[in-house]
Amino acid sequence: MAVFSCNVKDLKSVVSKAESLLNKRTTLEALKSVAVEITADGVYIKATDLESFVIFKVSTDFSGVGSKVLVDVKQLIQVLKSLKGQIEVKSENNMLSLSDEKQTFHIKVSTNSYYPDFPVIPSLKFHYINAKTLLKATEKVEYATFKDFKDKGKYYERNSLKYILINRSDFVATDGYRLALYSSKEINLPIEVKIHGNVVKILKNIIKDVKDVMIANDEKYIYFKADNWEFIIPNSDTTYPNYQYLINSFSGVEFNEFVIDKTMFINSLKYLQPSRNKDFAVKLTLSDKVLIETEDKKVELAVNYKGNSIILGINGKFLIESLERFDNDLVKIRVSNDIERPIFLESIDKDKDPYTVLIMPMKL
């Protein structure tokens, strides 16, 4: 028999984070479960979807002999929601028993089911990243990763664009129609890594409660770790678009520009949006004011516009998603005289908000 005690909130927190990695559609019972390893060194909660792996260590008081069992994660979370305060957990005879002062729950567990081996983190040089900075930078650009879609019976997927690229101080995401770039002076990684969009939400959930994160990589995996967890995800060898070449190609180009209050612009676009979270084309007429039009609605916005009169089409949803990520209230928008080139969205204070978005225009 193995016995340990811990705070139920701590255990529930790590089990919930581990659950976020599990494949909800799998038919393999082992992959609907978390592994609970009880050792003299601590209790470890493990989860995998066969591609990524997460391990949490829980602070406990331990007695007895070591044990490793697989527990259905939904049952375990349901039980943990019912318990309070300090709890005692026993593993014996294919049962996991969890008790507080008033309740005891028994969950049937498996000890012999197939469960994959986890990678062992090799001896590598790890680099520190402030967790809040990593979280913010990721949230700035994640929306611009490519999502598979079906249009007129044809399925579109671009595997190389499903990643966030971290290249020294740059966080980049693009779906081929827009590009989001956040350059943080607080991060300067000497390595380049690509984080698949499918694991971004899981990573954000894991790092939100820690101060610093360590990161390293080799040919096969990217390794994240902190004091009480490890998160291992596949390292892709896919070629990422040369975003720096694209941005540098605009050097010397003459732009027309205006500065606009982002909230006013967002509210105007949402008024024109036919239904929430749907793509929609808008016609932008830029002159002494900004005129935004759809087939049946239009909005006029007063701005200080500098440049030639221009008419172009653009995806209104892309504008909304980009504008919502700016920290500053005022956003500078630059448009080339060549309306087939991307438009630029930038903060008016790039030291405080080093965030840039490029959006390709649409044909009217």
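What counts and what doesn't
Residues numbered from 1 in each chain as written. Predicted model: local features only at pLDDT ≥ 70, side-chain atom pairs only at ≥ 80, totals over all residues. Heavy atoms only, no water. Buried < 20%, exposed > 50% of the residue type's maximum accessible area, 1.4 Å probe, protein only. Helix = DSSP H or I, 4+ residues; strand = E, 2+ residues; numbered from the N terminus. Pairing = 2+ DSSP bridges. Core = buried A, V, L, I, M, F, W, Y, C linked by side-chain atoms within 4.5 Å. Contact = heavy atoms within 4.5 Å. Axes fitted to C-alpha atoms, helices over the stretch in contact; angles between N-to-C directions. Parallel < 35°, antiparallel > 145°, perpendicular 65-115°, else oblique. Left-handed = near helix turned anticlockwise from the far one by under 90°. Nonpolar A, V, L, I, M, F, W, Y, C, P; charged D, E, K, R; others polar. Patch = residues over 30% accessible without salt bridge, like charges linked within 9 Å, V, L, I, M, F, W, Y side chains within 5 Å. Areas by Shrake-Rupley, 256 points an atom, 1.4 Å probe, with all protein chains shown as cover. Salt bridge = Lys/Arg side-chain N within 4 Å of Asp/Glu carboxyl O.

**Section: the pairing of strand β18 (residues 221-226)**
Here's step 1: Along β18, five of the six residues are buried, which leaves the element largely enclosed by surrounding structure.
Here's step 2: Between strand β17 (residues 212-217) and β18, which follow one another and run antiparallel, lie three residues.
Here's step 3: Of the strand pairs in this sheet, β18 and strand β19 (residues 229-234) are connected by six bridges, and their pairing is antiparallel. When the sheet's bridge partners are listed, phenylalanine 224 is paired in β19 with phenylalanine 231.
Here's step 4: Where β18 folds back onto β19 in an antiparallel hairpin, the turn is made up of two residues.

**Looking at the nonpolar core**
Here's step 1: One finds Ile45, Leu98, Phe224, Phe231 and Leu345 to be the most contacted residues of the largest nonpolar core, which totals 97 residues.
Here's step 2: It is helix α4 (residues 197-207) that provides the largest number of residues to this core, a total of six residues.
Here's step 3: If near-sequence neighbours (up to four positions away) are discounted, leucine 345 is found in contact with Leu319, Ser322, Leu323, Phe326, Val331, Lys332, Ile333, Tyr355, Thr356, Val357 and Ile359.
Here's step 4: With 15 residues, the next largest nonpolar core counts Phe53, Tyr115, Phe126 and Tyr221 among its residues.

**So, the packing of helix α6 (residues 262-272) against helix α7 (residues 316-323)**
Here's step 1: Where α6 meets α7, the closest approach of the two axes is 10 Å, and the angle between their N-to-C directions is 150°. In terms of axis orientation, α6 runs roughly antiparallel to α7. Pair α6 / α7 crosses with left-handed handedness. Between α6 and α7, the contacting residues are Lys262, Phe265, Ile266, Leu269 and Lys270 on the first element and Gly316, Leu319, Ile320 and Leu323 on the second.
Here's step 2: Considered class by class, the residues forming the contact of α6 with α7 number six nonpolar, one polar and two charged.

**Observations concerning a nonpolar patch on the surface**
Here's step 1: A cluster of nonpolar side chains, Leu28, Leu50 and Tyr114, forms an exposed patch at the surface whose accessible area comes to about 320 Å².
Here's step 2: Relative to the assigned elements, tyrosine 114 resides in the loop between β9 (104-108) and β10 (127-130).
Here's step 3: A residue is classified by how much of its surface remains accessible, and tyrosine 114, at 55% relative accessible area, is exposed.

**Examining the pattern of salt bridges**
Here's step 1: Under the defined criterion, the tally for this structure stands at 23 salt bridges.
Here's step 2: Residue lysine 46 is joined to glutamate 37 by a salt bridge in which the shortest nitrogen-to-oxygen separation is 2.9 Å. An identical accessibility class is assigned to lysine 46 and glutamate 37; each is buried.
Here's step 3: Lysine 90 is paired through a salt bridge with glutamate 88; the nearest N and O atoms lie 3.9 Å apart.
Here's step 4: One network of salt bridges, in which partners are shared, links Asp175, Arg178, Asp279, Lys317 and Glu321.

**Concerning the packing of helix α1 (residues 8-19) against helix α2 (residues 73-82)**
Here's step 1: Relative to each other, α1 and α2 sit at 150°, their axes nearing to 10 Å. Judged by the angle between their axes, α1 and α2 are roughly antiparallel. When the axes of α1 and α2 are compared, the crossing they make is left-handed. Counted together, Val8, Leu11, Lys12, Val15, Ser16 and Glu19 of α1 and Val73, Lys74, Leu76, Ile77, Leu80 and Lys81 of α2 form the full contact between these two elements.
Here's step 2: When the residues that make up the contact of α1 with α2 are grouped by side-chain class, the tally is seven nonpolar, one polar and four charged.

**Focus on the pairing of strand β7 (residues 86-92)**
Here's step 1: Burial along β7 is one-sided: Ile87, Val89 and Ser91 are buried, and none of Gln86, Glu88, Lys90 and Glu92, which face the opposite way, are.
Here's step 2: Bridge analysis of strand β1 (residues 2-7) against β7 gives six bridges, and the strand direction is antiparallel. Along β7, the bridge assignment pairs alanine 2 with serine 91.
Here's step 3: Where β7 and strand β8 (residues 95-99) come together, five bridges link them in antiparallel fashion. Of the residues in β8, the one forming a bridge with lysine 90 is serine 97.

**Structural notes on unusual backbone geometry**
Here's step 1: Although it is not a glycine, leucine 50 sits at a positive phi angle of roughly 80°.
Here's step 2: Note on leucine 50: relative accessible area 42%, which makes it partly exposed.
Here's step 3: One non-glycine residue, asparagine 93, lies in the positive phi region at around 55°.

Bear in mind that shape data such as this cannot, by itself, settle questions of function.
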